Amino acid sequence: MKKVIFLLLLTFFTTPSFCQNETDKLKLQKDRLMLHNVAIYLRNVNQGSIDIDSAMILACKSHKLPYTLANDEGFNDGSNFPGNNLITNNYVRGAELLLPRLSIVDQIKLSLQIASFYLFKAGAKKDDLKNALLYINKAQKLAEKSKIQKWYFQSKYLLGKYYYQADKPQLSSTIFSQLVSAARKTENEKILAEAIDNQGTFMPDSNKEKAVILVEALAIYKKLGNKEKEIETYMKIIPVHFWTGKMKLAKEELFTSLNLQKKNGFLYTQYTETTISYIELFHNNYKDALYYALESVSSMEKTKDYAFADSFYIRLGNVYNSTGYYNEAIKYYQKGIEYNQRELNAGTWYKSFFGALRALMDNSKYSEALKYLENNSKKYPPKNDLDNMILNQLKARCYEELGKLKEAEASYKKLEFFAERLNSAETIKDIADCYSIMALFYVKINKPQKAKEITDRIISKASSTEGYSRHNLELALSKIDSLNGNYLSAMKHMEIYNRIQDSMDNISKNRDYENLKFRFETSAKVQNIKSLKQQTDLQKRELHSSKLLNIISVSSLFLLLIIIILLYNRAKIKQRSTSRLQLKEKEIKLKNVKLERLVEEKEWLLKEIHHRVKNNLQTVISLLNSQSSYLKDDLAISTIKNSQNRIYAMSLIHQRLYQEDNVSMINMPDYCNELVEYLKESFNAEHIHFEVKIASIELDISQAIAVGLITNEIITNSIKYAFKENSNCIIRLSLSEVSENCYMLEVSDNGIGITDIEELQNSNSFGMTLINGLSNTLEGNLAIKNENGLSFQLVFKKDFR
């Protein structure tokens, strides 16, 4: 069983990482930036009802990227390191088993990756946090042992994140503060920026110092020219200013971030554009709100990023609803609903539904709104208490406006049931709004005691909350006091109500003015377009008349008429010839397409064959491995081991052909390095130093298999018999081009050598017979030398067919 696990680990270990070169590393940075962009947006659009980890999981799912990518930036720069793919594929147990076999730096990297896996795991439990701390401590000890500054900081960063996730913010803050102090002493701006960035990131948004700290990190990233981190830091700063009421500053930062994104070639600008649209709509700037809402939809369509399309269509619907274009608003709300049913549920589905309802109600279509509400709530029932509360409030309003007071009261009671189950800070505003409207209803049906009970709840829950419909509360309090005979108190509440209402009327007048201005400008643009079309049509008619007059004038000449007829006839003939040529061209293109498909199918079939051959050979290796466990004869076990190695040498060929785009040629440097690593691991030959020098050569499958088997045989024999001691053991492997038509394979060791080379060459052993046979197959000349060890030289033709 242990050997099977080892083979599985080895398969994952030898699989290349998804990032290998500088281009891929740049893509990695942009992918991380995109994930942070999406996650921060989702958390804010849901008003904090989902945490950043859940938002990040949604972002990774929507863009089909591994979740590890979101949290391993400090210790995964895109270069391959052992065990990383195991974590990516959620095989953390395999990574844990692999850990002791690695070098100290790779152990640190993998320990941090394992710790990160447990720490940011979806729905993390106490055991997950315990495992995370275990591997963080392991990474810290290894970092101290290595004395490498980078790993000291990275392990400490993860410890700070651990305490943040474990709900110990004070301890987390202390660790990050200590790291910032330590980073300042290094005088390394990159380390300092990362330390400050981590300190600010892992602070609650309610802390005013968060934005100040992140601004310092932003300044260093600007100085370093790290555009991706500069944009990402803006994304972290903007929500702090946004939710603390600094809308103007947040808007300026959004524009700066948007310009940076465009200059840096970052395509996913829709998340910034839709936020700008929200702020412009908040300030009644309808033209700009519409422009950026449309831009966000356009960016979404260009990037084909439809996972959260509903939120962009909601924003566009809100703009149209605010400007009185109710039908357009409903169309986009409905579009958002449709996309949400097809894509990931990011928590905004019911906002589309409520937006469509409010558009109908604002247009006084209460019967239609009620029917729409009942049909859709049956088909898609709300999944949380907040949505249930708002749904019943809207239903009650519809019944109330339609004069169905009993039904309205029943809905308000349901509203109350769900409101009592909500207690988070993010829901206080919605509870206050719903309760205020509910209190006015109970005043309306002459139940002041019930209305007073509701207003008392509002005052106790939302005494320090801003942003809800305060005027409704004051109106309800005034009417309650009036019904109870407290006229002085009623007058005071009415004064407050009138003061708030006057302010709202001024805003409403300004909104009406902006609406009229918006509609006038829209209408003017439509008129301009119509006018331009009319001018174009007039010009076309004049041009047509001019041409007609010319034709009539020319046609008066008989000779010219004949020439025109002949030219026309010639043009017709040419047109028919052109049509025939075009038809033939289409036929040729169709045949080319079919041929291309045949070629693609052939390549796919070849890859599938190589894949299956590789799987079958791996099965044979496993069967031999199982068989060897039942044998006691050392010779038999050794024979099976040698057979396994030969089969693996062939299996590796088929594996590489399956993985590469070229299904007929093998890249020998990669193949030989993998084969040597396998033999080294297989014989536990850590004491032997392998010097591998393989020129950039590609061989076809027949030559590659022969060369691989010969190499396997010679190296196997060297490992087993060449060395008596475990010191200064060297095996050399080289493959080079010695002339235009010939390659030379050379395998040698510095071992004890052999007494009789001629006896070896004429040996009837299976290994030597295989080497001689394969050398003949390659039409090569094999030479064996006994100089400071044993040396095999095989010169063979490039193309032996």
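Please read these numbers as outputs of a predicted model, since none were measured by experiment.

Sorry, what's going on with the overall build of the chain here?
Along the chain, the regular secondary structure elements total 31 helices and seven strands. For the chain, with 801 residues in total, the buried portion stands at 44%. In the chain, 63% of the contacts between residues at least 6 apart in sequence involve partners at least 24 apart. Accessible surface, the chain as shown: approximately 43600 Å² in total, 53% of it carbon and sulfur.

What is the right way to read the packing of aromatic side chains from this model?
In this description, an aromatic ring pair is defined by two values, namely the gap between the centres and the angle between the planes. Tallying each qualifying case throughout the model produces 19 aromatic pairs. Between Phe153 and Tyr157 the ring centres are 6.1 Å apart and the planes differ by 40°, which places this aromatic pair in the tilted class. Taken together, the positions of Phe153 and Tyr157, both in helix H8 (residues 149-165) and four residues apart, correspond to about one turn of that helix. One exposure class covers both Phe153 and Tyr157, and it is buried. On the basis of an interplanar angle of 75° and a centroid distance of 5.5 Å, the ring pair of Phe441 and Tyr442 is categorised as edge-to-face.

What should I look at first to understand the confidence of the model for the chain in this one?
Low-pLDDT portions of the prediction should not be read for the details of their coordinates. Averaged over the chain, the pLDDT score is 79; the fraction of residues at 70 or greater is 80%. Of all the helices and strands in the chain, helix H1 (residues 2-13) carries the lowest mean pLDDT, 42, while strand S5 (residues 742-749) carries the highest, 94. Segment residues 1-20: pLDDT under 50, and 40 contacts once partners within four positions in sequence are set aside and those in other chains are kept.

What is the right way to look at the packing of helix H9 (residues 169-186) against helix H10 (residues 189-201) in this model?
Working note: a packed helix pair is described by the angle between its axes plus the distance between those axes. Viewed as axis vectors pointing N to C, H9 and H10 meet at an angle of 165°, and their least axial separation amounts to 8 Å. As the angle between them shows, H9 and H10 are arranged roughly antiparallel. The way H9 lies across H10 gives a crossing that is left-handed. Where H9 abuts H10, its residues Phe176, Ser177, Leu179, Val180, Ala183, Arg184 and Thr186 lie against Ile191, Leu192, Ala195, Ile196, Asn198 and Gln199. Class assignment for the residues of the contact of H9 with H10 results in eight nonpolar, four polar and one charged.

Which parts of the structure should I look at to understand helix H6 (residues 104-119)?
The end-to-end C-alpha distance of H6 is 22 Å, a good match for the 22 Å that 16 residues give at a rise of 1.5 Å each. Burial analysis of H6 places 14 of its 16 residues in the buried class, the great majority of the element.

Sorry if this is basic, but what is going on with a nonpolar patch on the surface here?
A contiguous nonpolar surface patch, about 540 Å² in accessible area, is contributed by Leu557, Leu559, Leu560, Ile563, Ile564 and Leu567. Within the secondary structure, Leu560 is located in helix H26 (residues 558-628). Looking at Leu560, the relative accessible area reads 30%, which means it is partly exposed.

Before we go on, may I ask you to explain unusual backbone geometry in this structure?
Glycine aside, negative phi is the norm for most residues, and most peptide bonds take the trans geometry. Its identity is not glycine, yet Asp167 carries a phi of approximately 60°, on the positive side. Residue placement: Asp167 occurs in the loop between H8 and H9. A relative accessible area of 66% places Asp167 in the exposed class. Of note in this structure, Lys304 is not a glycine but carries a positive phi near 55°. Its place among the elements puts Lys304 in the loop between helix H15 (286-303) and helix H16 (309-322). A relative accessible area of 65% means that Lys304 is categorised as exposed.

Could you clarify how one ought to interpret the sheet that holds strand S2 (residues 688-694) in this entry?
Sheets are built from strands paired through backbone hydrogen bonds, the pairs being either parallel or antiparallel. Taking strand neighbours across the sheet as the criterion, the five strands line up as S2-S4-S5-S7-S6 in an open arrangement whose pairing is mixed. A single partner strand is all that each edge strand has here, and the edge strands are S2 and strand S6 (781-786). The sheet shows a mean angle of 10° between the axes of neighbouring strands, direction not considered. Strand direction decides the pairing type here: S2 and strand S4 (residues 729-737), joined by seven bridges, are parallel. Bridge pairing in S4 links Lys693 to Ser734. Of the strands in this sheet, S2 and S4 are in contact with helix H28 (residues 668-682), which crosses S2 at around 170°. Packed on one face of the sheet, helix H29 (residues 701-721) meets S2, S4, S5 and strand S7 (790-797) and runs near 15° to S5.

What's the story with helix H20 (residues 385-401) in this structure? I'm lost.
The end-to-end C-alpha distance of H20, which contains 17 residues, comes to 24 Å, matching closely the 24 Å that a straight helix rising 1.5 Å per residue would cover. In this structure Asn384 caps H20, since a side-chain oxygen of it lies 3.2 Å from the backbone nitrogen of Leu386. One or two positions beyond H20, positive phi appears at Gly403, with a value near 85°.

Looking at this structure, I do not really get the nonpolar core. What am I missing?
The nonpolar side chains of a soluble globular protein tend to be buried with one another. Of all hydrophobic cores here, the largest spans 101 residues; its most connected members are Leu35, Phe353, Leu357, Met389 and Tyr435. Residues within four places of Phe353 in sequence aside, it is in contact with Ile337, Tyr372, Leu373, Asn376, Ser377 and Leu391. Phe75, Phe120, Leu158 and Ile196 belong to the second largest nonpolar core, which has 48 residues in total.

Just checking my understanding: could you explain a positive patch on the surface for this structure?
On the surface, a cluster of positive charge is contributed by Lys572, Arg576, Arg580 and Lys584. If you trace the backbone, Lys572 turns up in helix H26.

Looking at this structure, I do not really get the packing of helix H22 (residues 428-444) against helix H24 (residues 470-483). What am I missing?
Relative to each other, H22 and H24 sit at 25°, their axes nearing to 8 Å. When the interaxial angle is binned, H22 and H24 end up roughly parallel. Of the two elements, H22 crosses H24, and the hand of that crossing is left-handed. Only Asn472, Leu473, Leu475, Ala476, Lys479, Ile480 and Leu483 of H24 make contact with H22, whose side of the interface consists of Ser436, Ile437, Ala439, Leu440 and Val443. Looking at the contact of H22 with H24, its residues break down into nine nonpolar, two polar and one charged.

Whenever I open this one, the pairing of S7 confuses me. Can you help?
Put simply, side chains in a regular strand alternate between the two faces of the sheet. The buried fraction of S7 is high, at six of eight residues. Inspection of the sheet shows S5 paired to S7 by seven bridges, in the antiparallel sense. Along S7, the bridge assignment pairs Tyr743 with Phe796. By the bridge criterion, six bridges tie S6 to S7 in an arrangement that is antiparallel. The partner of Ala783 across the bridge, within S7, is Gln793.

So what exactly am I meant to see when it comes to the side chain of Ser172 here?
With respect to the helices and strands, Ser172 occurs in helix H9. The class of Ser172 is buried, set by a relative accessible area of 0%. When near neighbours in sequence (up to four residues on either side) are disregarded, Ser172 contacts Gly160, Tyr163 and Tyr164.

I keep staring at the environment of Ile330 and nothing clicks. Help me out?
Mapped onto the secondary structure, Ile330 falls in helix H17 (residues 326-342). Linking Ile330 and Ser352, residues 22 residues apart in sequence, is a C-alpha distance of 9.0 Å. Residues in contact with Ile330, not counting those within four places in the same chain, are Ala356, Ala359 and Leu360.

Procedures and definitions
Residues numbered from 1 in each chain as written. Predicted model: local features only at pLDDT ≥ 70, side-chain atom pairs only at ≥ 80, totals over all residues. Heavy atoms only, no water. Helix = DSSP H or I, 4+ residues; strand = E, 2+ residues; numbered from the N terminus. Buried < 20%, exposed > 50% of the residue type's maximum accessible area, 1.4 Å probe, protein only. Contact = heavy atoms within 4.5 Å. Areas by Shrake-Rupley, 256 points an atom, 1.4 Å probe, with all protein chains shown as cover. Phe/Tyr/Trp six-rings, centres within 6.5 Å; stacked < 30°, edge-to-face > 60°. pLDDT = per-residue confidence, 0-100. Axes fitted to C-alpha atoms, helices over the stretch in contact; angles between N-to-C directions. Parallel < 35°, antiparallel > 145°, perpendicular 65-115°, else oblique. Left-handed = near helix turned anticlockwise from the far one by under 90°. Nonpolar A, V, L, I, M, F, W, Y, C, P; charged D, E, K, R; others polar. Expected span 1.5 Å × (residues − 1). Patch = residues over 30% accessible without salt bridge, like charges linked within 9 Å, V, L, I, M, F, W, Y side chains within 5 Å. Salt bridge = Lys/Arg side-chain N within 4 Å of Asp/Glu carboxyl O. Pairing = 2+ DSSP bridges. Polar contact = N/O pair within 3.5 Å; in protein donor to acceptor, adjacent residues only side chain to side chain. Core = buried A, V, L, I, M, F, W, Y, C linked by side-chain atoms within 4.5 Å. Lys, Arg positive; Asp, Glu negative; His and termini not counted. Charge placed at Lys NZ, Arg CZ, Asp CG, Glu CD.

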